[in-house]
Amino acid sequence: MGIGFFNPLLSFSNTEGVKNFFWFLGSLLCLFFCSHGFSESIPEAINRQNPSRLFHEGRIEAAARVAFEASLRDPQDWKSFKILGWVALMKNQLEDARRFLQKGLALNPEDTEMKRLLAICYYREGKLEQSADLLNEIREGWTVNLLTQLEPKAFDMLESQTTVKLDESYPFVIIPVKIYRKKVSLFLDTRSSFTALDRALYEKIKEIRLLDIIALQFWFNFAGKWSIRARTGIIQSMQIGNMKIERIPILLARWKGTYLFPQHVPQIVHGVIGTDVMRQFNVTIDYPKKELFLQKREASFSERSFLEAKDGSVTKLPFYLTPGGQILIQGKINDQEGILFMVDSLDVGRAFTFSEWMLEKFHLPRYGGWMIGLRRGGRYPSIYTIVPKIQIGNMVMENVKADIGKSYDFPPAIDHKQGFHIGAIVGNSFLKSFIVTFDFQNMVLILQSKKTAATDQPPTSPLAYQSTLAGIDESDN
């Protein structure tokens, strides 16, 4: 298009020429967008070129789509392969994750974060030697030693499934297990990366193989946890119900028993079972019946008829397993999509906990008060908010009272290490009304509410919310 095309526009006076020129430019833009059917807004068009930004905003699926398109346009774009590998790892699509991360590292061999992600991928695949080789490159020797000691295979199971009655400590999930023939109780902690035992127990059980004293790295780099020191070890055999699990890596923590929960847990609990063990199974927690059902991940749910029950409603939610081992689901706050909730079965009895970031984002109010500290037994100020609307799947809750998270709920590093904001925590006061299944084979969280389900401990105070799903208890928050 030559300059002569613009001569009619510039032939008027300067003022009229400028007006006509901008009228002409506006017409061209309108014609452009009309021809594209307004398929996307201008901000969306800009964001399409930036998968990293989408990922950091928590728009995980959109980030993966844009990264894939970017990788097709530019096969040398290692950042896009990194995002694709990261998302595939979170979806437990390990073959895809390995392929994308290997391509990214081939283009940028010095990226430490990609090496750590690929090491976690190898670990989840049971390729411990390849995982150890990568960790040697980034000088995480304590983890190399742990993986070497786990050879030839970690998490070897001798039975395909088991059912066990949970210990009485509603609403916490406390599992009776045997470790070297000694009966102990462990919390099921969906936020914990590792299975961990307390000092009082591992000092008594001499068969536990002790390894290095370490500063937490590896999985914990992505867990956003405080920098603490602990010792690693290996349990050669742990029994849950009639199922034996062999060669389990553990952390040997410095805390003792249930000092965190003295008023709510009548018995001594010596540790936690983390997502490293959970992901070997499809895990069902029947809160109303206080039962735990474990089934090898590759098996089907055909034997658990309650999933097809006619007397309750079923909600299925895709979930992510972060590199740090945390379980995330997506929900809506005040009808805005894409909010990431962390599922925490040991969230001190709370239904929802919101981050400070969420309060600022949605301009939520603060209310204050005092409560008995569940962790230390003392009084401390409790600050909470009222959320107009929370939606998780087909469940809609209105005027929800939610705690405002403390430093141990949302450590300063958690957003940076995960790569995106975690807006809120879903605790066991919400989960306790359901039969909860973590399907690690299909990466789906299944919540079933039975109309006939009864709980042994009704809520002590009401929480003002309504739900479209029948049978949800009100929180005892």
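Scroll up to find the structure this text is about.
Residues numbered from 1 in each chain as written. Predicted model: local features only at pLDDT ≥ 70, side-chain atom pairs only at ≥ 80, totals over all residues. Heavy atoms only, no water.

A.B. asks: Honestly, the pairing of strand β2 (residues 161-165) in this entry has me stumped. Any pointers?
C.D. replies: Two faces belong to every sheet, and in a regular strand the side chains alternate between them. Side chains T162 and V164 of β2 all project onto a buried face; the interleaved residues Q161, T163 and K165 project onto a face where none is buried. As judged from the five bridges shared by β2 and strand β11 (residues 291-296), these two strands associate in the antiparallel manner. What sits directly across from K165, in β11, is E291. (Buried < 20%, exposed > 50% of the residue type's maximum accessible area, 1.4 Å probe, protein only. Helix = DSSP H or I, 4+ residues; strand = E, 2+ residues; numbered from the N terminus. Pairing = 2+ DSSP bridges.)

A.B. asks: What should I look at first to understand the pattern of salt bridges in this one?
C.D. replies: Two side chains that carry opposite charge are able to pair once their charged atoms sit near each other. All told, the structure shown has 18 salt bridges when counted by the stated rule. Residues E140 and R116 are paired through a salt bridge, measuring 2.5 Å at the closest nitrogen-oxygen approach. Note that E140 is positioned in the loop between α9 (128-137) and α10 (141-150) and R116 in helix α8 (residues 112-125), a separation of 24 residues in sequence. Two residues, R191 and D344, come together in a salt bridge whose shortest N-O distance is 4.0 Å. Highlighted residues: R191 in the loop between β4 (182-188) and β5 (195-197) and D344 in the loop between β14 (336-343) and β15 (352-354), separated in sequence by 153 residues. (Salt bridge = Lys/Arg side-chain N within 4 Å of Asp/Glu carboxyl O.)

A.B. asks: Would you explain the packing of α8 against α9 in this entry?
C.D. replies: Interhelical geometry of α8 versus α9 gives an angle of 160° and a closest axis separation of 8 Å. By the angle between their axes, α8 is roughly antiparallel relative to α9. Considering only the axes of α8 and α9, their crossing is left-handed. Between α8, through K115, L118, A119, Y122 and Y123, and α9, the contact on the second element is made entirely by L128, Q130, S131, L134, L135 and E137. Its residues assigned to classes, the contact of α8 with α9 shows seven nonpolar, two polar and two charged. (Axes fitted to C-alpha atoms, helices over the stretch in contact; angles between N-to-C directions. Parallel < 35°, antiparallel > 145°, perpendicular 65-115°, else oblique. Left-handed = near helix turned anticlockwise from the far one by under 90°. Contact = heavy atoms within 4.5 Å. Nonpolar A, V, L, I, M, F, W, Y, C, P; charged D, E, K, R; others polar.)

A.B. asks: Is there a simple way to explain the packing of aromatic side chains in this structure?
C.D. replies: The geometry of an aromatic ring pair is captured by the separation of the ring centres together with the interplanar angle, meaning the angle of the planes. Applying the stated criterion to the full structure yields 10 aromatic pairs. On the basis of an interplanar angle of 80° and a centroid distance of 6.3 Å, the ring pair of F319 and F438 is categorised as edge-to-face. Placement of F319 in strand β12 (residues 312-321) and of F438 in strand β20 (residues 435-439) is noted, with a sequence separation of 119 residues between them. The class of F319 is buried, set by a relative accessible area of 2%. With centroids separated by 6.4 Å and ring planes inclined at 70°, the aromatic side chains of F341 and F352 adopt a geometry described as edge-to-face. With F341 in strand β14 and F352 in strand β15, this pair connects stretches of sequence that are 11 residues apart. Across this residue pair, the class does not change: F341 and F352 are buried. Of the aromatic side chains, those joined through ring pairs into one cluster are F341, F352, F430 and F434. (Phe/Tyr/Trp six-rings, centres within 6.5 Å; stacked < 30°, edge-to-face > 60°.)

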